[in-house]
Amino acid sequence: MKEQEQMTNLQIELMKVFRYELDEKQLLEIRAMLANYFADKLTEEMDKVWKEKGWTDETIKQFSQEHMRTPYKRND
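Residues numbered from 1 in each chain as written. Predicted model: local features only at pLDDT ≥ 70, side-chain atom pairs only at ≥ 80, totals over all residues. Heavy atoms only, no water.

Scanning the protein chain from N- to C-terminus turns up three helices and zero strands. Here the protein chain has a C-alpha radius of gyration of 21 Å; the compact-globule value for 76 residues is 11 Å, and the former is much larger. Going through the 76 residues of the protein chain one by one, you find that 3% of them count as buried. Within the structure as shown, the protein chain displays about 8200 Å² of accessible surface, and the carbon and sulfur contribution to it stands at 54%. (Helix = DSSP H or I, 4+ residues; strand = E, 2+ residues; numbered from the N terminus. Rg over C-alpha atoms; globule rule 2.2 N^0.38 Å. Buried < 20%, exposed > 50% of the residue type's maximum accessible area, 1.4 Å probe, protein only. Areas by Shrake-Rupley, 256 points an atom, 1.4 Å probe, with all protein chains shown as cover.)

Printed below as a string of structure tokens:
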């Protein structure tokens, strides 16, 4: 049997804050709020990478047109 992982600091904090039952609408609002928070953080990090690497929209367009898959090897 796998050892249980400890809760993260975020999980512990959320457990402290939300010790009461929420209705479905409130729960969905909080899920959306958390998703937006993490999406914003990801966007900030990606903006930082773009700036550091000097990427532009044209760079991303070029990335999308590259064929980067490894060809399958046939085992006949």
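Still more ground to cover, so stick around.
In this section: the pattern of salt bridges. Taken as a whole, this structure holds two salt bridges when the rule is applied. Glu-29 serves as the salt-bridge partner of Lys-25, at 3.7 Å between the closest nitrogen and oxygen. Taken as a pair, Lys-25 and Glu-29 lie in helix α2 (residues 24-53) at a separation of four residues, close to a single helical turn. In this structure, the salt-bridge partner of Glu-44 is Lys-41, at a minimum N-O distance of 3.7 Å. (Salt bridge = Lys/Arg side-chain N within 4 Å of Asp/Glu carboxyl O.)

Moving on: the packing of aromatic side chains. The full count for this structure, using the stated rule, is three aromatic pairs. Considering the side-chain rings of Phe-18 and Tyr-20, the 6.4 Å spacing of their centres and the 65° angle between planes classify their relative orientation as edge-to-face. The class for Phe-18 is partly exposed, based on a relative accessible area of 29%. (Phe/Tyr/Trp six-rings, centres within 6.5 Å; stacked < 30°, edge-to-face > 60°.)

Further remarks concern the environment of Glu-5. Tracing the sequence through the fold places Glu-5 in the segment before α1 (9-17). For the pair Glu-5 and Glu-58, spaced 53 residues apart in sequence, the C-alpha separation works out to 43 Å.

As a further point, take a nonpolar patch on the surface. Judged by side-chain polarity, Met-7, Ile-12 and Met-15 come together as a nonpolar surface patch covering roughly 290 Å² of accessible area. Structurally, the position occupied by Met-7 is in the segment before α1. (Patch = residues over 30% accessible without salt bridge, like charges linked within 9 Å, V, L, I, M, F, W, Y side chains within 5 Å.)

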